[in-house]
Amino acid sequence: MDRDTWNDLAVFAAIVEAGGFTRAGVGLGVSASALSHRMRLMEARMGVRLLNRTTRSVKPTEAGERLLASLRPAMSEVEAALVALDVDRARPAGRVRITAHRSAAFGLVLPRLKRFTDDYPEITVELSVDDGLTDIVGGGFDAGIRRLPSLEQDMVSVKLDDSVRLMMVGSPAYLAVAGAPEQPADLERHSCLTYRLPTAGSLYPWTFERDGQTTTMEVRGGFVTNDIDMLCESAVAGVGLACVLEAQAAPHIRSGALVSVLDAWRPTLPPNYLYYAGRRNPPPALRAFIDAMKPASGRP
């Protein structure tokens, strides 16, 4: 591909992104009429119309949309490669946008955040806490943190921790009235506090593991929430039994505010992974963040 064609393709993408010749011209330092003329020459050379022009807007044609869909990943790779070759920059700088579910945000990112910001004051970390599944490319994020199997396709992933155990817990006051369940089937007579999955919209089924066997059942109760902290605090308040992360329950177990039940059937959740688009090399700021999030044994 010759240089003029590549430049024309970059100009075409800029026009579409800006939504018109005038705005694109301001960013490129070229007049709107010059851009319009350049695009007409490009369309004539290619033998296909790429832009629909009206007095109010400029939109890509169907052929233009297809071309743009192919261009964006290639341009992103070129941009990432240029950033990676920026040897003049002594230290990583810029912004990294991360999406993470709540327990990972507080349990993994937050404990490492102070050291990271101290080590890289030129990097701004923007963290979006969201328990739902997020399209990191479509949402403009550099990386996401989720548990398997919630990773998106075509992603490079880095393991951040190990599997974690869940606990079924209730307050002493609740158990004094309702009694402690001795097996999962006993939950049918209990008020179970349930969690609504943000993306699927369904209720999270309780899973039980014992002697290599896994059993899943839907439980019922008088309270549903989409917040894991509210779930745990509701159990502390005596509303019913909850299935929560071991780390969530631990301080309440130590204080006596919660009691663990069904310990022989405690299930596990898969590890957390940081993932990013595999078609591009991570820029220096993201690479620094990834290295900071790795377990101590996995850091260089």
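The coordinates are above.
Cut-offs used in this document
Residues numbered from 1 in each chain as written. Predicted model: local features only at pLDDT ≥ 70, side-chain atom pairs only at ≥ 80, totals over all residues. Heavy atoms only, no water. Salt bridge = Lys/Arg side-chain N within 4 Å of Asp/Glu carboxyl O. Helix = DSSP H or I, 4+ residues; strand = E, 2+ residues; numbered from the N terminus. Buried < 20%, exposed > 50% of the residue type's maximum accessible area, 1.4 Å probe, protein only. Phe/Tyr/Trp six-rings, centres within 6.5 Å; stacked < 30°, edge-to-face > 60°. Lys NZ or Arg CZ within 6 Å of the ring centre and 35° of its normal. Pairing = 2+ DSSP bridges. Axes fitted to C-alpha atoms, helices over the stretch in contact; angles between N-to-C directions. Parallel < 35°, antiparallel > 145°, perpendicular 65-115°, else oblique. Left-handed = near helix turned anticlockwise from the far one by under 90°. Contact = heavy atoms within 4.5 Å. Nonpolar A, V, L, I, M, F, W, Y, C, P; charged D, E, K, R; others polar. Patch = residues over 30% accessible without salt bridge, like charges linked within 9 Å, V, L, I, M, F, W, Y side chains within 5 Å. Areas by Shrake-Rupley, 256 points an atom, 1.4 Å probe, with all protein chains shown as cover.

> Any chance you could explain the pattern of salt bridges here in plain terms?
Side-chain pairing between opposite charges can occur once the charged atoms of the two side chains come close. Here the structure, examined in full by the defined rule, presents 15 salt bridges. Across the pair E126 and R97 runs a salt bridge, and its minimum N-O distance is 3.3 Å. Pair noted here: E126 is in strand β4 (residues 123-129) and R97 is in strand β3 (residues 94-100), with a separation of 29 residues, a long-range link. A relative accessible area of 31% means that E126 is categorised as partly exposed. When salt bridges that share partners are traced, they join D8, R38 and R45 into one network.

> What should I look at first to understand the packing of aromatic side chains in this one?
How two aromatic rings sit relative to each other is given by the distance of their centres and the angle of their planes. According to the stated counting rule, one finds two aromatic pairs in the structure shown. Taken together, a centroid distance of 5.1 Å and an interplanar angle of 40 degrees make the contact between F116 and Y120 tilted. Of the residues examined, Y120 reaches a relative accessible area of 23% and is grouped as partly exposed. Aromatic rings pair up to connect F116, Y120 and F289 into one cluster. Geometry around F141 places R97 over its ring, the cationic atom sitting 4.3 Å from the centre. Directly above the ring of W265 sits R210, whose terminal nitrogen or CZ lies 4.3 Å from the centroid.

> What is the right way to look at the pairing of strand β10 (residues 213-217) in this model?
Moving residue by residue along a regular strand, the side chains alternate between the two faces of the sheet. With five bridges connecting them, strand β9 (residues 206-210) and β10 associate as antiparallel partners. Considered in β10, the bridge of F208 is made with T215. In this antiparallel pair of consecutive strands, β9 and β10, the connection spans two residues, and D211 shows a positive phi of 55 degrees.

> What's the story with unusual backbone geometry in this structure? I'm lost.
Across residues other than glycine, the phi torsion is negative in most instances, and most of the peptide bonds are trans. In this model, D211 sits at a positive phi of 55 degrees, which is unusual for a non-glycine residue. Relative to the helices and strands, D211 resides in the loop between β9 and β10. You will see that L262, though not glycine, has its phi angle at about 55 degrees, which is positive. Mapped onto the elements of the fold, L262 is located in the loop between β13 (259-261) and β14 (268-269). Residue L262 is classed as buried on the basis of its relative accessible area, which comes to 6%.

> Explain the packing of helix α5 (residues 102-119) against helix α9 (residues 284-293) to me, please; I cannot follow it from the model alone.
Geometrically, a packed helix pair is captured by the angle between its two axes and the distance between the axes. Where α5 contacts α9, the two axes come as close as 9 Å, and the packing angle between them is 120 degrees. If you check the angle between α5 and α9, you find them oblique. Along this stretch, α5 crosses α9, giving a crossing that reads as right-handed. Taking contact as the criterion, the partners of L108, V109, R112 and F116 in α5 are, on α9, A288, F289, A292 and M293. Residue composition of the contact of α5 with α9, grouped by class: seven nonpolar, no polar and one charged.

> Explanation requested: a nonpolar patch on the surface in the structure shown.
Where nonpolar side chains cluster on the molecular surface, the patch consists of F106, L110, L127 and V129 and spans about 340 Å² of accessible area. For the nonpolar patch, the secondary structure elements donating two or more residues are α5 and β4. Tracing the backbone shows L110 in helix α5.

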